[in-house]
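What the coordinates show
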Amino acid sequence: PALTFSVLTLFPELLRPFASEALLGKAQARGLVDVRLHDLRDWAANKHHKVDDTPYGGGAGMVIRVDVVARALDALRAERPIDEVVMLTPAGETFRQATAEAWAAQGGHWVILCGRYEGFDARVERLVTREVSIGDFVMMGGEAAAACIMEAVSRLVPGVLGAEASHQDDSFSSGLLDYPEYTRPPEWAGEGVPAVLQSGNHAAIAAWRRAQALGKTYQRRPDLLPTAGLTPLDSAELLR
Ligand code: SAM
């Protein structure tokens, strides 16, 4: 496959359905993406399968041991060369659509380390190539973040979305939020569908969609506009 994710986690079952269902499941069945789930406890040193310990200096919670992570990475590396090791942490660089695009284009074997408890021993930093956060909030573990990242990256791998689907117009891909979509029924609770969408005029539809995307972005996320690569026509539309 173009892209392999090896996820190291204390709760592989949390991620099992993400790997096997829906489009990611199909992508795997078709050999486009590979998701391998590994239980960090498999590399625990003692018979209690302990992967964590109390923090030096005191304080609440437990910390994941660096030696356990190192053994796990060695084992995965022995199976298959590793291109990137990603540590999930709220202190990492924020994952964005541009990140997903870059990772999908790069491909290769990506290991994702999911933390739990108070996170990893600080020395795990030496074992990773990237530290990534999915946003300024703290979750109980990295599994949900790993799922977000695998979903966002995998759908950009050529062939994963069917020929009918496209991600060029998605929010952020064009630099703007996505335009509104409608489907049947044509009238619902007193609200119809914009006439232009039923006109069959493709140029008019494209212009309407671009204007809608611009307007929505201006209203909701004006911070995106400076980097959206707007054309003079777009700027004229915004000034209207
Ligand atoms: N003590 C850590 C801190 O304040 O930075 C928080 C640890 S958090 C309770 C446990 C694990 O969840 C982290 O090690 C990380 O893997 C994951 N996690 C929580 N929030 C995250 C986020 N916003 N992005 C990525 N991973 C996150």
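These numbers were taken from a predicted model, which means no experiment stands behind them.

Scoring rules and cut-offs
- Residues numbered from 1 in each chain as written.
- Predicted model: local features only at pLDDT ≥ 70, side-chain atom pairs only at ≥ 80, totals over all residues.
- Helix = DSSP H or I, 4+ residues; strand = E, 2+ residues; numbered from the N terminus.
- Expected span 1.5 Å × (residues − 1).
- Buried ≥ 20, exposed ≤ 12 C-beta atoms within 10 Å, placed from the backbone.
- Domains from an automatic or database assignment.
- UniProt positions renumbered as here; feature names shortened; annotations may be inferred.

**Structural notes on helix α5 (residues 143-154)**
Taking 1.5 Å per residue, 12 residues should reach 16 Å; α5 reaches 16 Å between its end C-alpha atoms and fits that length. Every buried residue of α5 is listed here: Glu143, Ala145, Ala146, Ala147, Ile149, Met150, Val153 and Ser154.

**So, the environment of Ala206**
When you line up the elements, Ala206 lands in helix α6 (residues 202-220). A C-alpha to C-alpha distance of 9.8 Å links Ala206 and Val196, two positions 10 residues apart in sequence.

**What about the domain arrangement of the protein?**
On domain assignment, one finds that the protein holds domain 1 (3-154) and domain 2 (187-239). Each of domain 1 and domain 2 has a C-alpha centre, and the two are 39 Å apart.

**Quick word on the UniProt feature "binding site: S-adenosyl-L-methionine" (unreviewed entry) in the protein**
Per the UniProt entry, the sites bearing "binding site: S-adenosyl-L-methionine" (unreviewed entry) are Gly115, Ile134, Gly135, Asp136, Phe137, Val138 and Met139 in this numbering. You can see Asp136 is positioned in the loop between β7 (130-133) and α5. Structurally, Val138 is set in the loop between β7 and α5. A count of 9 C-beta atoms within 10 Å places Val138 in the exposed class.

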